[in-house]
Structure formats: structure tokens, C-alpha cells
Amino acid sequence: MASSEQSGVTAEKFLGMKGVSAIGQQGSNESTSGRKLAARLPRFATHEWSVALLYLCLDVLSWVVIYGTVGWFRYDAYYSTPFQFFVIDLIQLAVIVAALYFVGGYDRAVEKRTLAYATEHIIAIVAAAAVSAMLIYSAATFDQTMKPSRGVLLLSFMIFLPVSLFYRRRIQNYVVASSANQAFLVIGSGTAAIEFYEAYKNSPNGQHLDFVDVTDERVGEPIGEQGSSVVQGNLVERLDALGERYAGIILTEKANSLSTQLLERLVRAQFDRTRVYTLESFYETHWRYLPLDIVDPVWPLQTGFQLARTSPYHYLKRLFDVIASAAALIVCAPLFALIAVVIWIGDGRPAFFPQERVGRDGKPFTLFKFRTMRSRFDTQDEDIYTRDGDPRVTSVGHWLRKLRLDELPQLWNVFKGDISLIGPRAEWIKCAERYERTIPFYHFRHLVKPGITGWAQVNYPYGESAEDAVEKLKYDLYYIRHYSLKLDAMIVLKTLYTMLFGKGR
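Residues numbered from 1 in each chain as written. Predicted model: local features only at pLDDT ≥ 70, side-chain atom pairs only at ≥ 80, totals over all residues. Heavy atoms only, no water.

Student: Would you explain the packing of helix α6 (residues 82-102) against helix α20 (residues 485-500) in this entry?
Tutor: A pair of packed helices is captured by two measures, namely the crossing angle of their axes and the spacing between those axes. Contact geometry of α6 with α20 gives a least axis separation of 8 Å together with a crossing angle of 80°. Our classification of the angle between α6 and α20 gives roughly perpendicular. Residue-level contacts link Ala99, Tyr101 and Phe102 of α6 to Lys486, Ala489, Met490 and Leu493 of α20. (Axes fitted to C-alpha atoms, helices over the stretch in contact; angles between N-to-C directions. Helix = DSSP H or I, 4+ residues; strand = E, 2+ residues; numbered from the N terminus. Parallel < 35°, antiparallel > 145°, perpendicular 65-115°, else oblique. Contact = heavy atoms within 4.5 Å.)

What follows is the structure, given as C-alpha cells:
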């Protein structure tokens with residue numbers, strides 16, 4: 001990120017010049033192309049929503065051109081009228097946009113040049129192709145004039161996949177370059193600001209932080225260790241000259257500790273062009289987890305919780321759990337038998353491992369998994385965590401864990417209603433009891449039904465300590481607060497990525 005900052009040009013150059021005669025040769029070729037692209041983009045590109053709008057327009061244009069061109073070769077045998085073609089095209093576009101939205105394809109903050117995003121993008125497009133095919137061929141059974149071509153559909157998605165990923169990578173170059181010389185203005189220099197600095201330092205964010213002390217008591221002191229950002233003063237002067245200098249304002253002080261005049265200035269900045277974040281909103285927007293410092297005993301009573309009331313999605317999710325788990329149990333029955341035989345041959349019986357776990361509202365239940373370890377660890381003195389290279393894990397169990405196949409018997413628990421397909425991990429009752437004694441508000445995890453996979457599982461590595469349990473709790477609380485179809489869909493796609501690339505433990 002340092003090289004990007006050194007080679008970046010100011011936003012004024014991006015937005016004010018009609019052309020750029022020469023661009024420095026520092027940095028990578030991708031960064032250079034990003035700066036060239038940025039120089040040609042209009043001023044509205046500095047708004048957070050503008051990049052999402054650009055992605056959407058390019059997706060619509062690309063798909064219409066690709067699908068229309070490929071479909072033109074078989075137009076007479078494909079759809080009877082242009083309107084019919086238009087409706088089907090529109091349905092497919094809606095499916096594509098929804099799939100990409102779920103994986104962050106329209107989110108400016110999501111880094112789109114990584115292998116992880118590329119994989120999720122591929123999975124999203126493949127899923128969109130499958131859903132589109134299902135919708136089209138279902139409609140064709142009711143309308144005999146429709147004769148959809150599998151080749152046209154498949155080829156269109158095969159072309160759209162690399163094209164849509166290509167221009168996202170190019171636009172991401174612009175996003176990085178355009179924000180290289182921008183910083184976040186952090187208001188506050190107390191304990192919360194210091195903790196935020198430590199978290200930011202270990203995050204993928206690369207923009208500079210300007211810390212400003214409201215009372216000027218710490219001006220000139222480093223915010224953290226030696227060499228960290230120095231606390232500055234003159235807050236009013238900085239608010240008067242926000243311009244293109246700051247990507248946003250982060251408020252680490254409590255609102256009731258600030259003057260009415262300052263709060264009014266922040267409100268005006270928020271409704272002008274500069275995004276103002278509380279610590280909570282910054283963590284949730286950029287890092288997708290919840291800082292535990294903001295959690296209190298009445299946290300679930302705040303507005304905005306989907307779980308604070310009876311949601312139709314809750315019943316829809318249960319219906320999906322029953323149908324999906326029943327279908328999966330039937331389809332996977334031969335795989336169950338095969339895995340059981342392999343376990344018996346490799347390490348003897350039993351093939352299944354029952355364990356008491358904690359469910360919704362703290363109610364215990366028996367969870368089933370394929371046995372992957374040589375012996376149980378029932379005593380309080382034994383290590384309750386499975387660590388990397390753990391000698392207790394069998395050779396067969398190692399691969400079952402890596403591919404997440406050891407979780408398959410939990411489908412029976414889903415069908416019974418003990419757990420859901422998606423939710424916080426159902427913890428072993430001994431772990432849960434220990435965590436509830438040592439981790440504040442850990443019991444909030446039990447507000448929702450646990451799941452086979454969840455937001456913490458796909459965003460944080462396998463836990464090996466109480467500290468890991470604290471970090472995973474941050475993601476679980478984010479899931480509870482943002483409980484929705486969108487988030488569940490994101491978890492499904494990220495889980496597929498984990499399984500396909502053997503990221504399990």
C-alpha cells in the first residue's frame with residue numbers, strides 16, 4: 001500500500017484535468033492503468049455509491065451485448081417475440097446482479113483483485129447460471145413457443161464471467177489510486193481511539209489516519225507506539241477544509257461528550273459529501289464485525305435488529321432448512337455409507353461422534369459428526385481445542401475436516417430443528433460454559449439458532465484459544481445484528497469457497 005500512496009496522484013488531478021499528458025512510472029502496471037482510468041472518470045466518482053453504479057451499468061451493458069450477440073445466431077428458434085427475449089434477459093440480469101451483490105461485487109470497500117474474491121465471483125456467476133437455467137426451463141414447460149438453447153445460455157455466462165471480473169479489477173485499481181492520498185480524520189485520542197488505531201494497523205486498510213484531539217490535551221503525542229501517528233489539533237480548521245483531503249470522518253468519542261456546535265458540523269458534513277462513521281458503523285461497514293466495546297446488556301433492544309421482532313424470513317429459513325437438509329440427506333446417503341466404511345477400515349468403530357452442544361436460548365442438544373479423532377477428550381484437564389497437526393486427528397479425519405465432510409451428519413440435526421444450515425457455531429457445552437464465565441455478553445450468541453456454517457466460520461480461522469473465541473464472537477454478533485437473506489447467501493458462497501479450496505481444519 002505504501003507504493004500505491006507514493007505513486008498516487010491527488011483527487012484534484014483525477015477530477016479536474018481533462019487529460020493527463022504524462023504519468024509517473026513508479027508502482028505496478030496495474031496501478032498506472034488505474035490512475036489513467038481515474039483521470040477520465042467524472043467527478044461523481046468520488047461518491048461511495050458511484051462505483052457501485054458504474055459496476056451495475058457495466059454489468060447490464062456487458063450482459064445485454066454478450067447475451068444478445070450469442071442469442072442472435074439462434075434467434076428464430078429461441079424466442080417467438082422480441083418482448084419474450086427481453087423479459088427472459090431481464091430475469092437473468094436480476095439473478096446476476098443479486099448473486100454479485102451477495103459476494104460484495106458492488107461494494108466499493110471489497111478488494112476485488114484478490115484470489116479469494118475472484119473465487120467468490122466465479123461461484124456467484126456459476127450459481128446465477130444455474131438459477132437462470134432453472135427459471136428459463138421452468139417457464140419453457142408452460143410456454144411451448146420458448147425453445148431455449150443450452151449452448152447460448154452456457155456460452156453467454158462463460159464469456160460474461162471473465163469480462164465482469166476484468167473490469168472490476170481495473171476499476172479497483174482506480175479506487176485504490178484515487179484514495180491513496182486521502183486519509184481518515186479520526187476525532188478523539190483517548191482509549192477508544194488507541195484501540196481503534198491498533199485494530200486499523202492490523203487491517204487491510206491502507207489509508208492514513210489523522211488523529212485530532214478535541215481538547216488539545218494530547219497534541220504532539222503519538223497515538224500508539226513510537227513512530228505511530230501524532231495527535232494533532234485545530235479540529236475546526238480541518239473541518240473547514242475537508243474537500244478531497246479526507247475519505248471520511250471517524251468519531252471515537254461519545255456523542256454526549258461533544259459540543260452541540262461540533263455535532264452540527266458533523267451532521268452537515270455527513271449530508272454534504274464526507275461520510276461520518278461512529279466506531280460501530282466503521283467496523284461494520286469496512287470489517288464486517290462488531291467491536292465488543294459497544295455491546296452492553298441492552299444491546300439487542302436497539303433499533304435495527306431483525307431479531308427484535310418476528311420476521312417472515314425466520315419461517316422461510318426454517319422451511320428452506322427442512323427441504324434442503326432432507327434433499328441433502330437423500331442425495332448424500334451413498335457418501336455417508338462410503339465415509340463410514342473408510343473410517344471403520346482406517347481407525348475402527350464408531351463412525352459417528354455424538355457430542356452435547358448448546359443451542360438456541362442455551363438449550364442443550366446432541367450433535368452428530370463423523371468421528372475424526374482417535375479418542376474422546378472428556379476430562380477437564382485435556383486440551384479442548386483441536387490444533388494444527390493435532391496427533392489425535394486420524395489420517396482420514398484430517399481430510400474429512402479439511403473438506404468439511406465431517407460436518408455432513410449435522411444435516412440430521414438441521415432436519416430435526418436443533419440447528420440451522422447457517423448460524424453461529426454450536427459450541428461444545430464445556431466450551432460454552434467456560435466462555436460464558438470469562439467473555440462478557442457471550443450468551444448473546446444463543447439468541448439465534450446455531451448453524452453448520454456461519455459468518456464467523458467463513459471469516460476467521462479455526463479457534464484454538466479463548467482469545468480466538470472473543471474474535472469469533474465479534475463476527476457472530478455482526479451476524480445477529482444483520483440477520484438477513486443477503487448475509488446468509490454470502491455465507492453460503494464463502495462456505496463453497498472454503499470447501500473447494502480445502503480451507504477447513
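Student: In this structure, what is going on with empty space enclosed by the protein? I would like to understand it.
Tutor: Inspection of the entire model under this criterion finds three cavities of 30 Å³ or more. The volume enclosed by the largest cavity comes to roughly 60 Å³. Of the residues assigned to the lining of the largest cavity, the class counts are three nonpolar, three polar and four charged. What the second largest cavity holds in volume is close to 50 Å³. Along the walls of the second largest cavity sit Val358, Gly359, Arg360, Pro424, Arg425, Ala426, Glu427, Arg445, His446, Val448, Lys449 and Pro450, which together make up its complete lining. Per-class residue counts for the lining of the second largest cavity are five nonpolar, two polar and five charged. (1 Å grid on protein atoms, 1.4 Å probe; cavity = no way out; pocket = protein on both sides within 12 Å on 5 of 7 lines; lining within 4 Å. Points joined across faces, edges and corners; volume = space filled by probe spheres on them. Nonpolar A, V, L, I, M, F, W, Y, C, P; charged D, E, K, R; others polar.)

Student: What is the right way to read the packing of aromatic side chains from this model?
Tutor: For any two aromatic rings, the description comes down to two numbers: the centre-to-centre distance and the angle of the planes. Across all of its chains, the model carries 30 aromatic pairs by this definition. Between Trp63 and Phe157, the ring centres sit 4.7 Å apart and the planes meet at 50°, which makes this aromatic pair tilted. Remark: Phe157 occurs in helix α8 (residues 150-178) and Trp63 occurs in helix α4 (residues 48-72); sequence separation between them is 94 residues. On the accessibility criterion, Trp63 (0% relative accessible area) is buried. The class for Phe157 is buried, based on a relative accessible area of 4%. Measuring from centroid to centroid gives 5.3 Å for Phe282 and Trp287, while their planes differ by 90°, and the two rings are edge-to-face. (Phe/Tyr/Trp six-rings, centres within 6.5 Å; stacked < 30°, edge-to-face > 60°. Buried < 20%, exposed > 50% of the residue type's maximum accessible area, 1.4 Å probe, protein only.)

Student: Looking at this model, I keep getting lost on the pairing of strand β6 (residues 364-370). Mind explaining?
Tutor: A regular strand carries its side chains on alternate faces of the sheet. With seven bridges connecting them, strand β5 (residues 352-358) and β6 associate as antiparallel partners. What sits directly across from Arg357, in β6, is Phe365. Taken together, β5 and the strand that follows it, β6, pair antiparallel across an intervening segment of five residues, in which Asp361 is found at a positive phi of about 60°. (Pairing = 2+ DSSP bridges.)

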